[in-house]
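# A look at the structure
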Amino acid sequence: MASSPCGNSNFDSGLEIKTRSVEQTLIPLVSQITTLINHKDKPKKSERTLAAIHRVGQAVSVAVGRFVAVGEAIATENQELKDEMGQACFEARRAGDAIAQLTDVGSALPSQTDGRVTVFSDRTGMVKAARLLLSSVTKVLVLADRIVIKQIITSRNKVLVTLDHLERVSTFQEFVQIFSQFGNEMVEFAHLTGDRQNDLKDEKKKARMAAARAVLEKCTMMLLTASKTCLRHPDCESARINKDAVFHRMRCALEQVIEIVTEARSCGENKILPASIYNGIKDFKAGGESKAETIPRTTCHLRMRSSALINSGVECLRENLYSMSPESVDSQLEALVERTEDFTDSAYTSHEQRQAILSLCQLVRQDTQQLMHAWIEAQSVHAKEATEDMEVAILKTCQSVSDLRRELHKVAVGRASDLLKVHGEQLPLRALKAAGAEGNLEAVAEYSRTLTEQKEQLVETCRLLCHVSGTEPLEITCIHAEETFHVIGPQIISAAQTLALHPSSKIAKENLEVFCEAWESQLCDMALLLREINDVFEGRRGDKRSYLSLPRPGCHSLFPQKHSANLKTAKAVKLDAEEQTSMAKLGLELRLLSSDVDTEVEKWEEQEHDIVRQSQSLASMTYNMYLFTRGEGLLKTTLDLFHQAEVLSEEGLQLCSSLRTFSTQLVDEEKSVVMTEMEKLVALCQQLQTGAKTPVQGKTATFQKVDSSIQTTRGILTVVLSLLPFCNKLNKKYKSERSSLGSPHDWRERQDASTPVKDEGTLNSKNSNGFGVKSLEQHMAGLNLLESK
């Protein structure tokens, strides 16, 4: 049973609200109802107050009428919900009419003593009507939300049917025809699932949805090239294995999306979310409820929670000496120490690191034993609160546990950083490509062993990062990264074997390139994940997601490639030490601006607002550019920087579009301020875009282009920083002035907006939701050339 969004148990709707759109629709209604109910203990009103209450009551009634009309239209379009929706709409209309009648000035009774009008003579009736209204409106919204879920399931089913057809095709002509249909269906599925991901309230479900959609993003292009390779070389066993693995992973990802939106469990085989060391330490210190959540898990081997446990931490002993037993604390500690074996048993943990972890574990045991002695002694004298000895022991125990966490974090993050540096050169991938192109099967086998070893290192590192990630959404992202490396490694090897067997095959070479790019893409995502884990550990950005859509050069990038033509002619170079030094001050300004923008967006109540989301993206991309000036991060060359600048300019223009929409609700003076700043932003974004596209020759010209790009980016963030607090203030102002049920119309429009539109401009404007399938359209144009290859 879920209470209302406001947490008022008097208005328990009996329905759990899982999405932000439903919750945001209900909040103003609950606010208005609360306003009405709060007056029931003060029946005598002045004429001004009475008129205000009357207006609220009538506004609720009118808005309910509009809302019910929308609900009835939905019922007409969806016969399976007609009866339920009809009953909920009937109850909502009846409750709205009752509230209107109870707040009607004409029906109010004059007081015998002072002649003032008395309203709410039927107080019980008002409470009953309010409760019925909230319950029925919630039910209408939840029923309508089921339509969205139905749309996602229907879209998934269409994709699965086409996927089956694709798997069985035997000619290029048939493949081209079916893959074109598949591409359109994946675009539709991308929009629906992207909107749903943004709408989910549960951060763990959002992280799982993001992981599943990331798999679909990468696998869509893999499916294209793997299928082409199999069609060109039908008797090649490694090509068949490569293709089958992609189809299997896509089906698993599609099923995971449906499990999330329907909250279903497949086959009863799902494992339980791993018990991380971070959560174990948190529970050991402060206590709390450790809820087990099952998620699909195929490659991780962390020890699992078997049930939901209510734990009390050692810090709770200050308030209640008898809240738990010494045995339970000892059991918690041993379970925590046992989890550190994933670190100490690793072949990749150095002797010094292993000794440091073991020593800290022993110190935690000693401090806990001292606490046990002080605790038992306090209980023996029937103390009512923690003694001085106990207080000292609690502090020492918590400090030693924190030191253990810090050491484990240092080991996991340090290993991840080292691996990313080592793998940055992509030597095994280059060697595999070269060996395959030469038809050297022995060399392919040798470099495959090297890649397999690197894969095992990355898999284990992701497992350790999961232990110290600090939030459950980041734990899920670590699991996704682990599974991705585990799966893509063998796929690269099978693609390389195919190329070695057919070294003159352009399609086999293209296929290997795509799988190698997917590996490199996951390494980039791991670098961003590492940054997020560090941010959480250092108390910076919390569990907010960074901007993950970093553009990656290459003809098979899963991100829009409309600018690739001029980039192919550009030369990718790195800044030398002197250039980095001259950029240091400007880079530091970018860092400070991105931090300031992050601070401002955190002040917004609506974290899913387009202005917030797009500003966060701009700040994150600017941070990447700051790292470039230091010779760090994901942007390695000037080509990467210019690529990032183009994407940043596009995101800035999207922000301008959101600001223009936002300004439509403003009065003249306010609108003028926003529009003036927006025009500055448009000009800067266009300047950045033009500069990034302009080709240059020579070291001096390239450095000047870098300097100009960063200077313009600084100007963009400066304007954004000036707009954010002003827009936040206006947003709060107008939100409080909106009528209670005006939002159901907005809610319905959001549902309509989630219906896929195959217009290219619409897809481009939703690039944060579509998972890269737009690039399929470009490949469609070249499919008719397949047989010539």
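Rules used throughout
Residues numbered from 1 in each chain as written. Predicted model: local features only at pLDDT ≥ 70, side-chain atom pairs only at ≥ 80, totals over all residues. Heavy atoms only, no water. Helix = DSSP H or I, 4+ residues; strand = E, 2+ residues; numbered from the N terminus. Buried < 20%, exposed > 50% of the residue type's maximum accessible area, 1.4 Å probe, protein only. Contact = heavy atoms within 4.5 Å. Areas by Shrake-Rupley, 256 points an atom, 1.4 Å probe, with all protein chains shown as cover. Axes fitted to C-alpha atoms, helices over the stretch in contact; angles between N-to-C directions. Parallel < 35°, antiparallel > 145°, perpendicular 65-115°, else oblique. Left-handed = near helix turned anticlockwise from the far one by under 90°. Nonpolar A, V, L, I, M, F, W, Y, C, P; charged D, E, K, R; others polar. Salt bridge = Lys/Arg side-chain N within 4 Å of Asp/Glu carboxyl O. Expected span 1.5 Å × (residues − 1). Arc of directions from axis to C-beta. Phe/Tyr/Trp six-rings, centres within 6.5 Å; stacked < 30°, edge-to-face > 60°. Polar contact = N/O pair within 3.5 Å; in protein donor to acceptor, adjacent residues only side chain to side chain. Core = buried A, V, L, I, M, F, W, Y, C linked by side-chain atoms within 4.5 Å. pLDDT = per-residue confidence, 0-100. Disulfide = S-S within 2.5 Å.

Our next topic: the overall build of the protein. Scanning the protein from terminus to terminus reveals 25 helices and 6 strands. By the burial criterion, 52% of the 789 residues in the protein qualify as buried. Contacts in the protein between residues at least 24 apart in sequence constitute 79% of all its contacts with a sequence separation of at least 6. By element, 51% of the accessible surface of the protein is carried by carbon and sulfur atoms, the whole surface being about 35,000 Å².

Let us look at the packing of helix α12 (residues 388-423) against helix α16 (residues 506-537). In a pair of packed helices, the angle between the axes and the distance between the axes together describe the arrangement. Where α12 meets α16, the closest approach of the two axes is 11 Å, and the angle between their N-to-C directions is 155 degrees. On the basis of the axis angle, α12 is roughly antiparallel to α16. You can see that α12 and α16 cross each other, and the crossing is left-handed. For the pair α12 and α16, the contacting residues are Arg405, Arg406, His409, Val413, Ala416, Ser417, Leu420 and His423 in the first and Leu523, Met526, Ala527, Leu530, Ile533, Asn534 and Phe537 in the second. Each residue belonging to the contact of α12 with α16 can be placed in one class, and the counts come to 9 nonpolar, 4 polar and 2 charged.

What follows deals with the pattern of salt bridges. For the coordinates displayed, the defined rule picks out 27 salt bridges. Asp164 is the partner of Arg251 in a salt bridge, and the nearest nitrogen-oxygen pair spans 2.7 Å. Of the two residues, Arg251 is situated in helix α7 (residues 237-262) and Asp164 in helix α4 (residues 123-168); the sequence distance between them amounts to 87 residues. The exposure class of Arg251 is partly exposed, given its relative accessible area of 25%. Salt-bridge contacts for Arg463 lead to Glu482; the nearest nitrogen and oxygen are separated by 3.3 Å. Pair noted here: Arg463 is in helix α14 (residues 441-468) and Glu482 is in helix α15 (residues 472-501), with a separation of 19 residues, a long-range link. Through salt bridges that share partners, Asp164, Glu167 and Arg251 make up one connected network.

Compared with an ideal rise of 1.5 Å per residue, which puts 12 residues at 16 Å, helix α13 (residues 427-438) spans 17 Å between its outermost C-alpha atoms and is within 8% of the ideal. Along α13, the residues that are buried comprise Pro428, Leu429, Ala431, Leu432, Ala435 and Gly436. Burial along α13 is one-sided: seen end-on, the buried residues are contained in an arc of 160 degrees. Residues of α13 that are exposed and angled more than 90 degrees away from the buried face: Leu427, Arg430 and Glu438. Tucked inside the fold, the buried residues of α13 contact α14, α15 and α16.

Across all of its chains, the model carries 4 aromatic pairs by this definition. On the numbers, 5.3 Å between centres and 70 degrees between planes, the contact of Phe485 with Trp519 is edge-to-face. One end of the pair, Phe485, is in helix α15; the other, Trp519, is in helix α16, with 34 residues separating them in the sequence. Trp519 carries the same exposure label as Phe485, and that label is buried. Chaining the aromatic ring pairs together yields one cluster made of Phe175, Phe179 and Phe182.

Moving on: the side chain of Gln256. In this structure, Gln256 sits in helix α7. A distance of 3.1 Å separates a polar atom in the side chain of Gln256 from the backbone oxygen of Arg208.

This part is about the nonpolar core. Core analysis: the largest hydrophobic core is formed by 109 residues, its most contacted members being Phe182, Leu223, Phe343, Met390, Leu465, Ile492 and Trp519. Among the elements that line this core, the one with the most residues is α16, at 14 residues. If sequence neighbours within four positions are ignored, Leu465 has contacts with Ala412, Val413, Ala416, Cys478, Met526, Leu530 and Ile533. Judged by nonpolar contacts, the second largest core, of 48 residues, contains Leu586, Leu627, Phe642 and Met675.

As a packed pair, helix α6 (residues 203-232) and α16 sit with axes 8 Å apart at the nearest point and diverge in direction by 160 degrees. With respect to each other, α6 and α16 are oriented roughly antiparallel. For the element pair α6 and α16, the recorded crossing hand is left-handed. Contacts between α6 and α16 involve Lys218, Met221, Met222, Thr225, Ala226, Lys228, Thr229 and Arg232 from the first element and Ile507, Ala508, Glu510, Asn511, Val514, Phe515, Ala518, Ser521, Gln522 and Asp525 from the second.

A few words now on the confidence of the model for the protein. Scored by pLDDT, the protein has a mean of 77; 76% of the residues are at 70 or more. Scored below 50 in pLDDT, residues 108-120 makes 30 contacts in the model with residues more than four places away or belonging to other chains. Residue range residues 289-311 is modelled with pLDDT below 50. Its contacts to residues more than four positions away, or to other chains, number 74 contacts.

A few words on α14. Because the α-helix completes a turn every 3.6 residues, residues three or four places apart line up on one side. For α14, which comprises 28 residues, the first-to-last C-alpha distance of 41 Å matches the rise-based estimate of 40 Å (1.5 Å per residue) to within 8%. Measuring from the side-chain oxygen of the N-cap residue of α14 to the backbone nitrogen of Glu442 gives 3.3 Å; that N-cap residue is Asn440.

Quick look at the environment of Phe642 now. By the element assignment, Phe642 lies in helix α20 (residues 638-663). Residue Phe642 is classed as buried on the basis of its relative accessible area, which comes to 5%. Considering only alpha carbons, one finds Phe642 and Lys705, 63 residues apart in sequence, at a separation of 8.7 Å. Look past the residues within four positions of Phe642 in its chain and what remains in contact with it is Ala692, Thr702, Lys705, Val706 and Ser709.

For Ser328, the position within the fold is in helix α9 (residues 326-339). By relative accessible area, which is 26% here, Ser328 ends up partly exposed. Sequence separation between Ser328 and Gly313 is 15 residues, and the spatial gap between their C-alpha atoms is 9.8 Å.

Our next topic: the state of the cysteines. Here the structure, examined in full by the defined rule, presents 0 disulfides. For the unlinked cysteine Cys656, the closest cysteine sulfur is that of Cys685, found at 5.0 Å. Residue Cys656 is classed as buried on the basis of its relative accessible area of 2%.

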